[in-house]
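The lines below spell out each chain.
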Amino acid sequence: MSLTIDITGLPDERLVFTPSPLAELNAMLHVLAEPGHHPALHGWASSTAATIPPELSERLLEADFLWRSSRADFLVPGLPGATLAEELDAVDRLDDELYVAAALITTCGATRLTQRMASPLTDPAANERARELALARGPRQAAFADRLLTDPPAVRALVRRMLEDCRAAFFADAWQRVLPDLAADARHKADLVARRGLGDALAAVSPSVSLEHGTDSRRRIVIDKLQDSTTSGAGSGGVTFIPTAFGRPHLLVVHAPGWRPVVQYPVAEAGLPEPVSLALVQQRLEALAHPIRLRLARTIARGPHTTGELAAAWQLSAPEVSRHLTVLRKAGLLVTRRRGRYMLYELDLAGSARLGSDLLEAVLR
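Note that the structure is a prediction, hence the values are computed from the model and not measured.

## Some remarks on the overall build of the protein
So, step 1. Within the protein one finds 15 helices and 10 strands.
So, step 2. For the C-alpha atoms alone, the extent of the protein along its principal axes is close to 75 × 50 × 45 Å.
So, step 3. By sequence separation, contacts in the protein at least 24 residues apart represent 70% of the contacts at least 6 residues apart.
So, step 4. Of the accessible surface of the protein, which amounts to about 17600 Å², a share of 54% is contributed by carbon and sulfur atoms.

## Let's talk about the pattern of salt bridges
So, step 1. Applying the stated criterion across every chain yields a total of 19 salt bridges.
So, step 2. Between Asp200 and Arg196 there is a salt bridge, and its shortest N-O distance comes to 3.1 Å.
So, step 3. Assessed through its relative accessible area of 33%, Asp200 is described here as partly exposed.
So, step 4. Among the residues examined, Arg196 registers a relative accessible area of 52% and is labelled exposed.

## Remarks on the packing of helix α10 (residues 278-289) against helix α11 (residues 291-300)
So, step 1. At their nearest, the axes of α10 and α11 sit 5 Å apart, and the two run at 90° to each other. Here α10 is positioned roughly perpendicular relative to α11, judged by the angle of their axes. Counting all contacts with α10, which are made through Glu286, Ala287, Leu288 and Ala289, the residues of α11 involved are Pro291, Arg293, Leu294 and Ala297.
So, step 2. For the contact of α10 with α11, the class distribution of residues is six nonpolar, no polar and two charged.

## Here we look at the packing of aromatic side chains
So, step 1. Throughout the structure, instances matching the rule amount to six aromatic pairs.
So, step 2. Clustering of aromatic rings is evident, with ring pairs tying together Trp44, Phe170 and Phe246.

## Quick look at the confidence of the model for the protein
So, step 1. Mean pLDDT over the protein stands at 88; residues scoring 70 or higher make up 95%.
So, step 2. Predicted confidence is poor over residues 107-115, with pLDDT under 50, and the contacts of this stretch with residues over four places away or in other chains come to 28 contacts.

## Regarding the pairing of strand β8 (residues 262-266)
So, step 1. The buried fraction of β8 amounts to five of the five residues, a majority that puts the element mostly inside the structure.
So, step 2. The two faces of β8 match: Val262, Gln264 and Pro266 on one face and Val263 and Tyr265 on the other face are all buried.
So, step 3. One ladder, built from five bridges, connects strand β6 (residues 239-244) with β8; its direction is parallel. Its bridge partner being in β8, Pro243 is matched across the sheet by Tyr265.
So, step 4. Examined bridge by bridge, strand β7 (residues 252-254) and β8 share three bridges and lie antiparallel to one another. Counterpart to Val254 in the pairing with β8 is Val262.

## Things to note about the sheet that holds strand β5 (residues 229-232)
So, step 1. Read from one edge to the other, the open sheet built from four strands follows the order β3-β4-β1-β5, with strand pairing classed as mixed. Strand pairing shows two members of the sheet lacking a second neighbour, β3 (209-213) and β5, which therefore form its edges. If you compare each strand with its neighbour and ignore which way they point, the axes differ by 25° on average.
So, step 2. Strand direction decides the pairing type here: β3 and strand β4 (residues 219-223), joined by five bridges, are antiparallel. Following the sheet pairing, Leu211 is matched in β4 by Ile221.

Each value, and the rule that gives it
Residues numbered from 1 in each chain as written. Predicted model: local features only at pLDDT ≥ 70, side-chain atom pairs only at ≥ 80, totals over all residues. Heavy atoms only, no water. Helix = DSSP H or I, 4+ residues; strand = E, 2+ residues; numbered from the N terminus. Contact = heavy atoms within 4.5 Å. Areas by Shrake-Rupley, 256 points an atom, 1.4 Å probe, with all protein chains shown as cover. Salt bridge = Lys/Arg side-chain N within 4 Å of Asp/Glu carboxyl O. Buried < 20%, exposed > 50% of the residue type's maximum accessible area, 1.4 Å probe, protein only. Axes fitted to C-alpha atoms, helices over the stretch in contact; angles between N-to-C directions. Parallel < 35°, antiparallel > 145°, perpendicular 65-115°, else oblique. Nonpolar A, V, L, I, M, F, W, Y, C, P; charged D, E, K, R; others polar. Phe/Tyr/Trp six-rings, centres within 6.5 Å; stacked < 30°, edge-to-face > 60°. pLDDT = per-residue confidence, 0-100. Pairing = 2+ DSSP bridges.

And the structure:
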């Protein structure tokens with residue numbers, strides 16, 4: 001499964017790397033709503049939640065459908081501004097139909113399609129469907145959707161004031177702290193594009209992002225995501241890449257019709273292993289799923305063994321052991337070293353220990 005952004009004919013300079021205060025606030029709000037997705041940020045989430053005024057906490061809980069399981073597209077700007085106020089002004093310029101559709105795609109769990117859906121503000125069937133989906137998510141979400149569909153300007157004003165209150169409560173200090181690193185990362189990625197090409201820059205964004213050159217002379221950015229979908233950067237003038245310090249493990253992509261494609265990616269963090277692709281995680285799980293390979297893994301986890309020792313221990317032929325060890329090695333689960341004429345095999349304990357967290361990061365990405 002993958003999400004594809006067609007960039008055929010789009011000059012590399014139209015692919016912009018830049019921080020966004022609104023997108024970073026969006027990421028922070030998601031961490032506060034789903035701290036289980038972000039174990040490395042538990043300390044920040046706990047201390048921040050404890051300092052938020054109760055009245056603001058209640059309003060954030062009411063509107064958290066905008067950023068909990070997915071994110072409203074208007075919270076991830078295609079053309080980021082210098083300040084949060086500037087980006088909120090740009091959101092205010094959206095018409096009600098586009099704003100409401102973006103909000104309800106998130107809050108009501110609708111799938112982002114390749115064509116615009118009928119507006120729930122003007123189409124009775126779409127309106128009824130939005131209310132049904134919201135009701136299935138609970139009374140808070142139903143009430144939010146009802147208010148948004150009944151009086152969009154009032155709800156939009158409430159959301160803006162809430163985001164502005166977040167700035168005073170916790171965002172301003174956190175943004176000031178992370179902005180230098182985000183700006184440095186954006187400059188580094190832009191420099192990679194200029195010096196080594198777009199492919200290398202995308203590889204540095206995430207192992208789940210790659211550049212594909214088709215036989216039809218088309219260029220595509222391919223992103224490993226849960227859905228199969230396609231969008232284009234040409235019609236909207238480009239693609240925007242936004243670094244985030246609060247996004248790991250998520251790789252957020254805005255790709256709905258009417259929006260400039262945006263990829264919000266987590267910056268590398270010192271002390272944390274590089275994220276691995278879902279394909280590699282799957283390869284490792286499949287390698288360990290075979291009963292013989294699992295036996296071999298349990299044996300070499302206790303210490304280094306030669307092929308002959310493993311064959312004797314499990315009454316296997318040496319070639320059979322070699323074949324299974326090759327599968328484990330290709331999956332990156334083995335450590336090998338030579339002692340004289342003997343090759344010793346040992347399980348990579350650090351890599352194996354990360355398999356659970358790698359799996360969680362990959363499926364949440």
